Structures are given as C-alpha cells and as structure tokens.
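Analysis of the macromolecular model
Chain residues, written in single-letter form:
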Amino acid sequence: ALLQLENSEGELQAECVWNAPGMTHLNADTFRSRFPGAMASLRSGETIAWRGAASIPHAAAEDRRAFEELGLRVMVILPFVAGHSVRGALVLAASGARRFSQSDLSQLRLIADVIANARTRRQAELDAQRSRQELAQLARRASMGEIASALAHQLNQPLAGILAHAQASQRLIENGAATAPNISD
C-alpha cells in the first residue's frame, strides 16, 4: 500500500492498495486504528521491519495483536520523508513466510525514496502550475483594470466637453446673450 499522511496529526489516506487474492484488505483506516505503535514510529520517520509477531516491541501490544489477528507474517513500513517531514509510507505486508535481508531492506528503502522524490516533484509541479494560474489570473485582472480606466478616460473626456458646452449655452440663454441664428445668410 502507498499511504499518504494528510496533516501533522498523521491522518492517513490510502493512495493505492494492492492485495493478493485472499489477503486481508489493509487500508488506511485499518492501519490507523489497529497499528498505533507503527503510526507513532511512522510519524517519527522510522523504518519498521517486523519479521513475525516476536519482532514487534512489547510496548506495541495492540500492534502485535492486530498483526496476529490479520494473519500477517511480515510487515515492512518505509516512510516517505520530504525535507524534515514524513509525507506517507510504503507498506508491505505478507501472510506467507518471507525473508527480508538487510540488503532487501536497503533496496526497498531506495524504492521508497524514489517514490517519495517522485511524489515531492509532482507536488512541486502542481504547486508551480497553481502559482502560474494565479499569476495569469492576476495579470488578466490588471489588464481589465487598465482597459476599464482607459475606456473611462475616453468616455469622460468628450462627455465633459459636451457638458461644458451645454452649461455655457444655458448661461448664455439665461443672460439673454444668445441670439437666434440668421437662416437667410
């Protein structure tokens, strides 16, 4: 499973889950509720490699109980670390006997790091795209403001002239200075 941490409280969301036929569906809710010790270790960025219930620390009794009830024989949890924060995890669990050597764990850590880097790069691309869209929106708004200002100026200038002529004409009429045009000329 690929699990994503949604916030600093460690809320999990399953991004992808693959299950072999007959395997218990290990989803984000199951992981969060049944493996509290693993969640605490995940939040602190620890890699977890349980090779049987006996390898689970005694302080994680609830995790050990869930491990046995789900019929698991192996669980490896590799956190996705970006910068100084944990963003999710790659979880591998098996109900059959599996052996994980230190070399296997190193290779799995490398795979988890590649996935974490790809996810971080993708998030950075999405953030950059969102920033470009916001910048384009701001540029469009600025352009609309400039157009509105220019249009207002172009409309106000002739209207102000018309109003000035109308007021002058009205004053001339009121003062009796206006004469009727001579049509015979």
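Cut-off values and rules
- Residues numbered from 1 in each chain as written.
- Predicted model: local features only at pLDDT ≥ 70, side-chain atom pairs only at ≥ 80, totals over all residues.
- Heavy atoms only, no water.
- Helix = DSSP H or I, 4+ residues; strand = E, 2+ residues; numbered from the N terminus.
- Buried < 20%, exposed > 50% of the residue type's maximum accessible area, 1.4 Å probe, protein only.
- Contact = heavy atoms within 4.5 Å.
- Areas by Shrake-Rupley, 256 points an atom, 1.4 Å probe, with all protein chains shown as cover.
- Core = buried A, V, L, I, M, F, W, Y, C linked by side-chain atoms within 4.5 Å.
- Phe/Tyr/Trp six-rings, centres within 6.5 Å; stacked < 30°, edge-to-face > 60°.
- Expected span 1.5 Å × (residues − 1).
- Arc of directions from axis to C-beta.
- Lys, Arg positive; Asp, Glu negative; His and termini not counted.
- Salt bridge = Lys/Arg side-chain N within 4 Å of Asp/Glu carboxyl O.

1. With respect to the overall build of the protein chain
When helices and strands are counted, the protein chain shows four helices and five strands. Reading the helices (α) and strands (β) of the protein chain from amino to carboxyl end gives β-β-α-α-β-α-β-β-α. Among the 185 residues that make up the protein chain, the fraction classed as buried is 25%. Within the protein chain, counting contacts between residues at least 6 apart in sequence, those at least 24 apart form 52% of the total. Carbon and sulfur atoms make up 55% of the accessible area of the protein chain, which amounts to about 12,500 Å² in all.

2. Some words on the nonpolar core
Within soluble globular proteins, side chains that are nonpolar generally end up buried alongside one another. By size, the foremost hydrophobic cluster in this structure holds 19 residues, and its most contacted members are Phe 31, Phe 35, Trp 50, Phe 67, Met 75 and Ile 77. Mapped by element, the contributors of at least two residues to this core are helix 2 (36-43), strand 3 (48-50), helix 3 (61-69), strand 4 (74-82) and strand 5 (85-94). Those residues in contact with Trp 50 that sit more than four places away from it in its chain are Phe 35, Ala 38, Ser 55, Ile 56, Pro 57, Asp 63, Phe 67, Arg 73, Val 74 and Met 75. In this structure, Val 74, Leu 90, Leu 105 and Ala 112 belong to the second largest nonpolar core, which totals 10 residues.

3. Side note on the environment of Ser 33
Mapping Ser 33 onto the fold places it in helix 1 (residues 28-34). For Ser 33, a relative accessible area of 45% gives the class partly exposed. Remark: the alpha-carbon pair of Ser 33 and Asp 63, spanning 30 residues in sequence, is separated by 9.5 Å.

4. What to know about the packing of aromatic side chains
Evaluated as defined, the whole model comprises two aromatic pairs. Note on Phe 35 and Trp 50: the rings are 6.3 Å apart at their centroids and 35° apart in plane angle, and the pair reads as tilted. Placement of the pair is Phe 35 in the loop between helix 1 and helix 2 and Trp 50 in strand 3, with a sequence separation of 15 residues. For Phe 35, a relative accessible area of 0% puts it in the buried group. Taking the relative accessible area as the measure of exposure, Trp 50 reaches 6% and is therefore buried. A ring pair is formed by Trp 50 and Phe 67, whose centres lie 6.1 Å apart and whose planes are at 85°; its orientation type is edge-to-face.

5. Some points on helix 4 (residues 102-175)
For helix 4, built from 74 residues, the straight-helix expectation of 110 Å at 1.5 Å per residue is met to within 8% by its first-to-last C-alpha distance of 107 Å. Along helix 4, the residues classified as buried are Leu 105, Leu 108, Ala 112, Ala 116 and Arg 119.

6. Points about helix 2
All of the buried residues along helix 2 are Ala 38, Met 39, Ser 41 and Leu 42. Down the axis of helix 2, the buried side of the element spans an arc of 165°, and every buried residue falls inside it. One or two residues past the end of helix 2 sits Gly 45, with phi positive at roughly 90°.

7. A look at the side chain of Asp 63
Residue position: Asp 63 is located in helix 3. One buried charge, Asp 63, has no salt-bridge partner; the nearest side chain with opposite charge is Arg 65, at 8.3 Å. Those residues within four positions of Asp 63 in sequence are excluded, and the remaining contacts are Arg 34, Phe 35, Pro 36, Gly 37, Ala 38, Trp 50 and Ile 56.

8. Here we look at the pattern of salt bridges
Enumeration according to the criterion identifies five salt bridges in this entry. Residue Glu 125 is joined to Arg 121 by a salt bridge in which the shortest nitrogen-to-oxygen separation is 3.7 Å. Linking Glu 125 with Arg 121, this pair stays in helix 4, spanning four residues, or about one helical turn. Residue classification places Glu 125 among the partly exposed residues on the basis of a relative accessible area of 40%. The exposed category is assigned to Arg 121, whose relative accessible area is 53%. A salt bridge links Arg 130 to Asp 127, with the nearest nitrogen and oxygen atoms 3.2 Å apart. Of this pair, Arg 130 and Asp 127 both sit in helix 4, three residues apart, which is roughly one turn of the helix. Among the charged side chains, a network of salt bridges with common partners joins Arg 121, Arg 122 and Glu 125.

Interpretation note: all reported values are geometric properties and have no functional meaning in isolation.
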